[in-house]
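Analysis of the macromolecular model
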Amino acid sequence: MKAIMSRSIGGPETLVLEEVDDPVAAPGQIVVRVKASGVNFPDTLIIEDKYQFKPKRPFSPGAEFSGIVEAIGGGVSSFQLGDRVMGFSRWGAMAQKIAISASRCAVIPDEMPFDEASAFILTYGTSYYALKERGALRVGETLLVLGAAGGVGLAAIEIGKAMGARVVAAVSTPEKARLARKHGADRAVIYPTAPFDASSRREVARLLKGACDPHGAHVVCDVVGGYYSEAALRAIAWDGRFLVVGFTGGIPQIPLNLALLKSCKIVGVFLGPWLDRSVDHFSRAAAELLEWYQAGKLRPCISARFPLAEAGDAIAQLATRKAMGKIVVNID
Ligand SMILES: NC(=O)c1ccc[n+]([C@@H]2O[C@H](COP(=O)([O-])OP(=O)(O)OC[C@H]3O[C@@H](n4cnc5c(N)ncnc54)[C@H](OP(=O)(O)O)[C@@H]3O)[C@@H](O)[C@H]2O)c1
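No experiment lies behind these values; they were computed from the predicted model shown. (Residues numbered from 1 in each chain as written. Predicted model: local features only at pLDDT ≥ 70, side-chain atom pairs only at ≥ 80, totals over all residues. Heavy atoms only, no water.)

We now examine the overall build of the protein chain. The helix and strand inventory of the protein chain stands at 11 helices and 15 strands. The globule rule puts the C-alpha radius of gyration for 332 residues at 20 Å, and the 20 Å found for the protein chain is close to it. In terms of its C-alpha atoms, the protein chain occupies a principal-axis envelope of roughly 55 × 40 × 30 Å. Partitioning the intrachain contacts of the protein chain with sequence separation of at least 6 by distance along the chain shows that 69% fall at a separation of at least 24. Total accessible area on the protein chain is roughly 13900 Å²; 52% of this is exposed by carbon and sulfur atoms. Across the protein chain, the mean location of the 38 positive side-chain charges is 7 Å away from that of the 33 negative side-chain charges. (Helix = DSSP H or I, 4+ residues; strand = E, 2+ residues; numbered from the N terminus. Rg over C-alpha atoms; globule rule 2.2 N^0.38 Å. Contact = heavy atoms within 4.5 Å. Areas by Shrake-Rupley, 256 points an atom, 1.4 Å probe, with all protein chains shown as cover. Lys, Arg positive; Asp, Glu negative; His and termini not counted. Charge placed at Lys NZ, Arg CZ, Asp CG, Glu CD.)

This is the structure in structure tokens:
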């Protein structure tokens, strides 16, 4: 089979298309013929050895995918050959086939196209885990989403609306603001590009606070970090929950007195290890997210599609802050 491989540490330009051995389904696994693979920011990090997991080289990036079940390993009774599925793996999905634990896959509805299914379970799963399990977002609360026009950000807007919140989207360009509104944000604000000096730091805090009036944000979903986190924390409500999801803008240093002043919680969100803790977590998240999808509440936004040979270019779009919604690698 063909796969995009990382053979040396480096950016997307180091990835190469190669012929590699087909995978075999071990006990508990299925082999999926991959139709599409969604690109995620961690793909930009994992190939540079900057992610929490460092797979042994050579490896193929790609963490979420959709496809058709082609082989079934011992002890697996939940799938049949030919099932249309989506799945979550930490890497390995930018390839024509992947062997994957059956517990990390779910059958997708007939009407769900493969490209949407490939951009679903990690992206929406992260925001689901963040808002529902970690943020305990309630009906009528205000949710502030940073980086709101990216993959996890747009998913947070849609899930926030599905959970009955008022959603404020914060983004870097007018085009991204329009996309966030289109996907349900009640309000969108445009923040300046970091780095900030002391006065623009205060200005961004005022901007976010104003948008979250009158109480502030009950929940902040921070997928950006960097200079933006402190400004967002200053916009949080009394007893709010600040969700630490990602660091596209760098790892921030936060004055902890801000947490005391608002009596708020700063809460870590790490999807993969949560899924590792119980197979029920994946099935529960997949079932509820697919229910919302079928009810029309979730609408994956695929803004660009690349062939497998150009997967490096697809990953580069995220690394350079150009991507809006999801970018998908089509594999056939
Ligand atoms: N905790 C978890 O379990 C988990 C799971 C999946 C992903 N993540 C993390 O969540 C974050 C978002 O992932 P994603 O796949 O949704 O990424 P994405 O689609 O690329 O969106 C990230 C957003 O970050 C903003 N950004 C700010 N500074 C940036 C920079 N220097 N370079 C690139 N983007 C920048 C951009 O929005 P603006 O231009 O509007 O600022 C961009 O839309 C990543 O940090 C990722 O590692 C965490």
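After that view, the rundown keeps rolling.
This part takes up helix 4 (residues 151-162). Each full turn of the α-helix corresponds to 3.6 residues, which orients residues three or four apart in the same direction. If you check helix 4, its first and last C-alpha atoms are 17 Å apart, about what 12 residues at 1.5 Å a residue would give, namely 16 Å. For helix 4, the tally of buried residues reaches nine of 12 residues, placing the bulk of the element in the interior. Considered for burial, the residues of helix 4 that qualify are G151, G153, L154, A155, A156, I157, E158, I159 and G160. Downstream of helix 4 by a residue or two, G164 has a phi angle that is positive, lying close to 90 degrees. (Expected span 1.5 Å × (residues − 1). Buried < 20%, exposed > 50% of the residue type's maximum accessible area, 1.4 Å probe, protein only.)

Omega for the peptide link from R57 to P58 comes to -5 degrees, which places this bond in the cis form. As for its placement among the helices and strands, P58 is situated in the loop between helix 1 (41-46) and strand 4 (64-72). The omega torsion across A194 and P195 is 5 degrees, close enough to zero to call that bond cis. Located in the positive-phi region is D49, a residue other than glycine, with phi close to 55 degrees. Its location among the elements puts D49 in the loop between helix 1 and strand 4.

We now examine helix 11 (residues 311-319). Taken as a whole, helix 11 has its buried residues at A311, G312, A314, I315 and L318. Buried residues along helix 11 cover an arc of 160 degrees about the axis, so they all sit on one side. Each element contacted by the buried residues of helix 11 is listed here: strand 1 (2-5), helix 1, strand 14 (302-307) and strand 15 (326-330). One or two positions beyond helix 11, positive phi appears at R321, with a value near 70 degrees. (Arc of directions from axis to C-beta.)

Attention now goes to the domain arrangement of the protein chain. Each assigned domain of the protein chain is listed here: domain 1 (2-120 + 300-330) and domain 2 (126-271). Taken over C-alpha atoms, the centre of domain 1 sits 28 Å from the centre of domain 2. Each partner contributes to the interface: domain 1 provides 11 residues, whereas domain 2 provides 15 residues. Taking both sides of the interface into account, the surface hidden between domain 1 and domain 2 amounts to around 1000 Å²; carbon and sulfur atoms contribute 67%. The largest per-residue losses of area from domain 1 upon contact with domain 2 belong to C301, R321 and M324, which jointly make up 52% of the total buried on that side. Where domain 1 touches domain 2, the interface holds zero salt bridges. (Domains from an automatic or database assignment. Buried area = accessible area lost by both parts, 1.4 Å probe. Salt bridge = Lys/Arg side-chain N within 4 Å of Asp/Glu carboxyl O.)

Right, let's talk about the packing of helix 3 (residues 121-134) against helix 4 for a bit. One way to put it is that helix 3 packs onto helix 4 with a least axis distance of 8 Å and a crossing angle of 55 degrees. Judged by the inter-axis angle, helix 3 sits oblique to helix 4. Helix 4 is crossed by helix 3, and the crossing has right-handed handedness. Taking contact as the criterion, the partners of T123, Y124, T126, S127, Y128 and L131 in helix 3 are, on helix 4, G151, V152, A155, A156, E158, I159 and G160. Residues belonging to the contact of helix 3 with helix 4 are distributed by class as follows: seven nonpolar, five polar and one charged. (Axes fitted to C-alpha atoms, helices over the stretch in contact; angles between N-to-C directions. Parallel < 35°, antiparallel > 145°, perpendicular 65-115°, else oblique. Left-handed = near helix turned anticlockwise from the far one by under 90°. Nonpolar A, V, L, I, M, F, W, Y, C, P; charged D, E, K, R; others polar.)

On to the site of the ligand, then. If you check the shell around the ligand, you find 25 residues, and the closest are V152, S172, K176, Y191 and V269. In the model, an oxygen atom of the ligand is placed 2.9 Å from a nitrogen or oxygen of the G151 main chain. Side-chain polar atom of K176 to an oxygen atom of the ligand: 2.7 Å apart, as the coordinates give it. In this structure, the ligand is accommodated by the largest pocket. For the shell around the ligand, the elements supplying multiple residues, two or more each, are helix 1, helix 3 and helix 4. (Near = heavy atom within 4 Å. Polar contact = N/O pair within 3.5 Å; in protein donor to acceptor, adjacent residues only side chain to side chain. 1 Å grid on protein atoms, 1.4 Å probe; cavity = no way out; pocket = protein on both sides within 12 Å on 5 of 7 lines; lining within 4 Å. Sits in = over half its atoms within 2 Å of the grid points.)

The geometry of helix 6 (residues 198-211) relative to helix 7 (residues 226-234) is characterised by a closest axis approach of 8 Å and an angle of 45 degrees between their N-to-C directions. Between helix 6 and helix 7, the angle falls in the class oblique. Note on packing geometry: the crossing formed by helix 6 with helix 7 is right-handed. In this structure, helix 6 contributes R201, V204, A205, L208 and K209 to the contact, and helix 7 contributes Y227, E230, A231, A232 and R234. Residues of the contact of helix 6 with helix 7, tallied by class, amount to six nonpolar, no polar and four charged.

What follows deals with the packing of aromatic side chains. Describing an aromatic ring pair means giving the distance of the ring centres and the angle of the ring planes. Summed over all chains, the structure comprises nine aromatic pairs. When the centroid spacing of 5.7 Å and the interplanar angle of 65 degrees are considered together, the rings of Y51 and F53 count as edge-to-face. With a relative accessible area of 18%, Y51 lands in the buried category. Seen in terms of ring centroids, F120 and Y293 are 5.8 Å apart; in terms of plane orientation they differ by 80 degrees. Their pairing is edge-to-face. Of this pair, F120 sits in the loop between helix 2 (114-118) and helix 3 while Y293 sits in helix 10 (residues 279-294), and the two are 173 residues apart along the sequence. Put simply, the rings of Y191, F196, Y227 and Y228 touch in pairs and so form one group of aromatic residues. The ring of F114 has R84 lying over it, and the distance from NZ or CZ to the ring centre is 4.4 Å. (Phe/Tyr/Trp six-rings, centres within 6.5 Å; stacked < 30°, edge-to-face > 60°. Lys NZ or Arg CZ within 6 Å of the ring centre and 35° of its normal.)

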